[in-house]
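One letter stands for each residue in the lines below.
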Amino acid sequence: MLEEWQTSWKNGDTGRKIYNIMPSVSLRPTNWIREGVIFFSQHGPFPAYLKRFHLSDSDYCSCGGIGTALHYVTECIYTVYWHMRKPAPNFEQEWLKRVANNLVSRQKIRGIIKFISENRDLFRPP
């Protein structure tokens, strides 16, 4: 059963952002909190995600940038308190793996996601 699940996970079309961080399946539960799942899957209160699923007309953050998860954690003026250094585009996947395995980085992500969720009006596109 595990081999079949691993093959399906490896060759699947969905969940690639999580697959790049967690390429192996396991029966042991992970200790990810809600905010971590939202950030790493990039399925959450992000304008880019909402526009992709036709839940918003714009993928822009109110600060003028494209509202992706990475935008909020590296460059949005409203989340400066939690910023991390932006990775070079060709190192984004490696950066995400390191962030996922770093407790301090995960705490920053938790803070950002909570802040966005509690202040949605602030992040609506102009």
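Residues numbered from 1 in each chain as written. Predicted model: local features only at pLDDT ≥ 70, side-chain atom pairs only at ≥ 80, totals over all residues. Heavy atoms only, no water.

### Quick look at the packing of aromatic side chains
Any pair of aromatic rings gets described here by the distance separating the centres and the angle formed by the planes.
So, point 1. For the structure on display, the rule yields 7 aromatic pairs.
So, point 2. Both rings, one in Trp-9 and one in Tyr-19, keep their centres 5.6 Å apart while their planes meet at 70°; by these two values the pair is edge-to-face. Within this pair, whereas Trp-9 is found in helix α1 (residues 2–11), its partner Tyr-19 is found in helix α2 (residues 16–19), the two being separated by 10 residues in sequence.
So, point 3. Their ring planes at 45° and their centres at 5.1 Å tell us that Trp-32 and Phe-40 sit as a pair that is tilted. For the pair shown, Trp-32 and Phe-40 are each scored as buried. (Phe/Tyr/Trp six-rings, centres within 6.5 Å; stacked < 30°, edge-to-face > 60°. Helix = DSSP H or I, 4+ residues; strand = E, 2+ residues; numbered from the N terminus. Buried < 20%, exposed > 50% of the residue type's maximum accessible area, 1.4 Å probe, protein only.)

### Notes on the packing of helix α3 (residues 34–41) against helix α7 (residues 103–118)
So, point 1. For the pair α3 and α7, interaxial distance at closest approach is 9 Å and the crossing angle is 85°. Between α3 and α7, the crossing angle belongs to the class labelled roughly perpendicular. Taking contact as the criterion, the partners of Glu-35, Ile-38, Phe-39 and Phe-40 in α3 are, on α7, Ile-109, Arg-110, Ile-113 and Lys-114.
So, point 2. Taken together, the residues of the contact of α3 with α7 break down into 5 nonpolar, no polar and 3 charged. (Axes fitted to C-alpha atoms, helices over the stretch in contact; angles between N-to-C directions. Parallel < 35°, antiparallel > 145°, perpendicular 65-115°, else oblique. Contact = heavy atoms within 4.5 Å. Nonpolar A, V, L, I, M, F, W, Y, C, P; charged D, E, K, R; others polar.)

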